[in-house]
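# A closer look at the structure
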Amino acid sequence: MAQRFQNPTPSLRWTIQLLILAIFLVLFITTTYRGGDQINYPINVFFSIDPLAALSTLAASREINAFFWPSLLLAALTLLIGRFFCGWVCPLGTILDLARPCIPAHPTRRVPSKNLKYYLLAIILTVSLFSVNPAGIFDPLSIVVRSLTVVGYPLFSITVHGVLGPLVRWDVPIASGSADALLSAMKTTVLPFHQGYFFLAGLSLAIFLGIIALEAVRPRFWCRYLCPLGALLSLIAGVSFLKRKPAALCARCDKCRQACDTDAFSTDGVFQKGECILTLDCVRQCPKKKVVYSIGRKPKRTGPVMSRRWLVGSLFSGLLMGPLLSIAPVRKLKDTLGIDALIRPPGARDEAAFLSRCIRCSECMMVCPTGGLQPDLTTGGIEGIYCPILVPRVGYCTYRCTLCGQVCPTQAIKTLTIPEKLVTVIGKAYINMDRCLPYAYGVNCAVCQEHCPTADKAIAFKEVPGEVTTDGDQLKKPVVIYDLCIGCGICEFKCPVGGTSAIVVTSMKTQL
Amino acid sequence: MRDGKNRSGYPLFSDLLDRRSFLTRALCASSLTLLAGAVALPENLFAAATSTLSVGKGTNYKNAVIDAIGGIGGIGKFISGGERVVVKPNIGWDSPPQYGGNTHPVVVKTIVEMCLDAGAGRVLVFDNPCDDARRTYATSGIKAAVEGLKNPKAKVEYIDDNKWLTRRLPRAKKLAEWTFYREALEADKLINVPVAKNHGSTTLTLSMKNLMGIIGSNRGQIHWGIDQKLADISSFIKPALIVLDATRVMLDGGPSGGNLGNVRVTNRVIAGIDPVAVDSYGATLFSMKGTDIGHIVRASEMGLGQIDLSKVRIIGG
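Per chain, residues are indexed from 1 in the order of the written sequence. Lettering of chains starts at A and numbering of ligands starts at 1, both following the order in which they are written. In keeping with the model being predicted, local features are shown solely for residues with a pLDDT of at least 70 and side-chain atom pairs are shown and tallied solely at 80 or more, while totals for entire chains, interfaces and linings include all residues. Processing note: side-chain calculations cover all non-hydrogen atoms of the structure and skip hydrogens and water entirely.

What follows covers the overall build of chain B. The secondary structure listing takes helices from DSSP runs of H or I that are at least 4 residues long and strands from runs of E that are at least 2 residues long, numbered from the N terminus. Of the regular secondary structure elements, chain B holds 11 helices and 12 strands. Any pair of residues with heavy atoms lying within 4.5 Å of one another is described as a contacting pair. Here the analysis covers contacts within chain B between residues at least 6 apart in sequence; of these, 72% occur between residues at least 24 apart. Surface summary for chain B: the accessible area is close to 13300 Å², and the carbon and sulfur share equals 55%. Where accessible areas are quoted, they stem from the Shrake-Rupley method and a 1.4 Å probe; at the residue level, only the protein chains shown are allowed to cover.

So this is what it looks like as structure tokens:
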């Protein structure tokens, strides 16, 4: 006896979707330093159920990562009842459902084939197998966390500060006090203590708005045609136990297709399990109440029918991607002399191993207390887009902080203990004597030395008798003690020289 | 002077005050200012001549603080009922108490307690730290210590960037104006609670250097000609009380520290109101004199206090 699905009201799906989105947002906000050395509830639990990230990371790193075991659970559930994740769980799906009523529909006559997402998936997995791990660029969870980190949260925070800040500053009776209290309360809850601002904010906003704007063309455009996670779940769902009666559109009735967000029917009207995201709208819309979803006794395959030519083409382009990325001089430089600004977070694996794991979710950037971890555009080559690099002029690496490794879902950044962190070298500082005040202008400064956090300071002073400042005091010229420097970049961050810092950290870290 | 030419509907300045009375009033006002200055000047000299310090000693830091403040008249001499007090320790570094990078939490806690006992309406503790404030407040033990008092009148707050005010420093020689933290400016009493330690650019950081924690903007620029600028800040900000934490002193690797080998336990707390005298005494803990430290010399030159310890009354020293 097959178990029947209930006929749920739309509000049940809405409730679950919004609840999960709320949990997602709460976890996102808690992915920040709030006074302890440990992060207890990072958002990375969402990635642990992500089979796409699991599979691509497995393919690229050739290592089984226990973190991802819950993704097997999602895969198993999908094998049982189909692509419920997309319709009920995925935060991007929920955001699209929320946004759709606000977007005027402009359906085009021609749309891509729904198979496009499978080809994209094929390319991603082939690339993962042979070079870097690009899944994170297209993974919907990565996209949401990244858009929130890089654009959404900074915008929210800047807006709140923009409204309440002036009220506090103007010192208006009552209003200022309440604004101050409200702002303080928000700072300990929904607002970040220290808001990071990120490069690629414009690009990230464009991608996010683009995905939303596509709702005008077709509902769930992203999920239907593009999403590689959806594609993977769809392939599993295609052979699932899910059973729908009737298995095709009825003669002279198109209501199911019209009600369906993902157009889960072939051109000749046959139900496609893989495309169905279980909104169950068709159950409700059927005038004769004929539609019934159930779990069948044995799995039965329906679709997708892929073009062999396209599939082979995708595999080949995936294969070609490796050599294509390698023709850039960046690859050569990374392997040989290094690239100055390519400073990876503390605990990051060697570049190749790092790129095989990083799913560009930007959690490390979200959690970085100084906002120094930034999404890369091309510093590490185009293959490193959205991977984290430390930009010390924007924010330094906090000496006793190990948060980025703690939140990294794939351990592309390894979790360090604090004693390990204190001796982890991510680069080395050097002094630009043409800008450094004591060298260039005979003025004592010493800010870099003051902030240097290592137990024995990695910046000392060279005092030459007779060399005096413009004020007549002994001149103190800072020098970097190479062996002690860990490249945290606080010197570069705090250097009071305007514009380019007079002390700069580069990725060079070989022992002399 | 009303000539009917002003048709704006608003009174002109000249309508309100004719030239003669303006000049008379201006003259009176400026003479009064000058007179006030003349009165203030001997007061400075007087303060310098009779500077008093009090030193509390012992491994019980709470008692050392109480002894030190008791030696110069007790907390009741400085704090009155209902006053809004700011206690400004050094919470600059992500460094545990034994390293001497920050003021000892027991010292801070004791002072806050004493202020509350003296009837303070509110005691606010903050610093504008060098490392991440969330870390320094936690690692220093100061946040936990003060909040452990469980008194709603005692608060540890993070710096709020909406609360910076730009002020002119009338007596300054180098630092014409700078931004200061509103809570520090508007408090009825400011208690400066520095820790004595080594410093890369100023050799030592004592009470005057600790006032950098109530200023904002690009503080790195203060370091260019820092000695005079520190003296300038001290000419503008006058704490009601200074309690120098020398329970342990960081002899090298300052101001951040991190090497216990550089820390010497000295078990002393020094209280006073003369920043130059307090800092000169602090220098002796490092086998130096006030005259060896640039910013103490500059502050002394500006008449901010007594640098010559032979002219300072030291109680319990």
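That covers the picture; the talk isn't over yet.
Taken together, the 35 residues of chain B in the interface contact 41 residues of chain A. Here the quantity called buried area is the total loss of accessible area, with a 1.4 Å probe, experienced by two parts when brought into contact, counted for both. Here chain B packs against chain A, burying approximately 3000 Å² in sum over the two surfaces, 45% of which is carbon and sulfur. The largest share of the area that chain B buries against chain A comes from R134(B), R135(B) and N162(B), three residues that together contribute 26% of it. By definition, a salt bridge exists where a carboxyl oxygen of Asp or Glu is found within 4 Å of a side-chain nitrogen of Lys or Arg. In this structure, the connection of chain B to chain A is made through 4 salt bridges. Among the ionic pairs, D37(A) bridges to R135(B), the shortest N-O distance being 2.8 Å. Any pair of nitrogen or oxygen atoms within 3.5 Å is treated as a polar contact; in protein, a donor-acceptor pairing is required on top of that, and neighbouring residues in sequence qualify only through side-chain atoms on both sides. In this structure, the connection of chain B to chain A is made through 16 residue pairs in polar contact (both at pLDDT 80 or more). Sort the elements by how many residues they give to the side of chain B that touches chain A and helix α5 (residues 133-139) of chain B lands first, with 4 residues. Here the nonpolar group is Ala, Val, Leu, Ile, Met, Phe, Trp, Tyr, Cys and Pro; Asp, Glu, Lys and Arg are the charged ones; every other residue, Gly included, is treated as polar. Classifying every residue of the side of chain B that touches chain A by side-chain character gives 8 nonpolar, 15 polar and 12 charged.

Overall, the prediction assigns chain B a mean pLDDT of 88, with 85% of residues at 70 or greater. Here residues 40-49 of chain B is a poorly scored stretch, pLDDT under 50, and it has 5 contacts once near neighbours within four places are set aside; other chains count. In predicted models, pLDDT denotes the confidence assigned by the predictor to each residue on a 0 to 100 scale.

All names here are of chain B. Only protein chains enter the calculation, and the probe is 1.4 Å; a residue is then buried if its accessible area is under 20% of its type maximum, exposed if over 50%, and partly exposed in between. Residues of helix α11 (residues 294-301) that are buried include every one of H295, I296 and A299, and no others. Across the axial projection of α11, the buried residues extend over an arc of 105°, all falling on one side. Contacts made by the buried residues of α11 are with β9 (203-205), α8 (207-210), α9 (226-236) and α10 (275-284). Here the arc refers to the set of directions running from the helix axis out to each C-beta atom.

Take unusual backbone geometry next. Here the residue pair K245(A) and P246(A) is connected by a cis peptide bond, since its omega of -5° sits within 30 degrees of zero. With respect to the secondary-structure elements, P246(A) resides in the loop between β1 (242-245) and α14 (255-259). A cis amide bond links G254(B) with the next residue in sequence, P255(B), at an omega value of 5°. Here P255(B) lies in the loop between β10 (241-250) and β11 (263-272). In the Ramachandran plot, R252(A) falls in the positive-phi region, its phi being about 60° despite a non-glycine side chain. Even without glycine at this site, T203(B) takes up a positive phi of about 65°. Looking at where T203(B) falls in the secondary structure, it is placed in strand β9.

Stacked, tilted and edge-to-face pairs are distinguished by plane angle, under 30 degrees for stacked and over 60 for edge-to-face with tilted covering the rest, among Phe, Tyr and Trp rings (Trp via its six-membered ring) whose centres lie within 6.5 Å. Tallying each qualifying case throughout the model produces 14 aromatic pairs over all chains. Seen in terms of ring centroids, Y153(A) and F156(A) are 6.5 Å apart; in terms of plane orientation they differ by 5°. Their pairing is stacked. Of the two residues, Y153(A) and F156(A) both sit in helix α9 (residues 140-170), 3 residues apart, roughly one turn of that helix. Given the relative accessible area of 35%, F156(A) is considered partly exposed. A centroid spacing of 4.7 Å and a plane angle of 80° characterise the contact between F193(A) and Y158(B), whose relative ring orientation is edge-to-face.

With that settled, consider the environment of D171(A). Its location among the elements puts D171(A) in the loop between α9 and α10 (175-187). What makes D171(A) partly exposed here is its relative accessible area of 46%. Placed 258 residues apart in sequence, D171(A) and A429(A) show a C-alpha to C-alpha distance of 44 Å. Those residues in contact with D171(A) that lie beyond four places of it in its chain are S176(A) and R182(B).

Bringing the side chain of D274(B) into the picture now. All names here are of chain B. Following the sequence through the fold, D274 ends up in the loop between β11 and α10. Of the side chains with opposite charge, K238 lies nearest to the buried D274, which makes no salt bridge, at 8.7 Å. There is a polar contact of 2.9 Å between the side chain of D274 and the backbone nitrogen of V276. Lys and Arg are tallied as positive, Asp and Glu as negative. Neither His nor the chain termini are counted.

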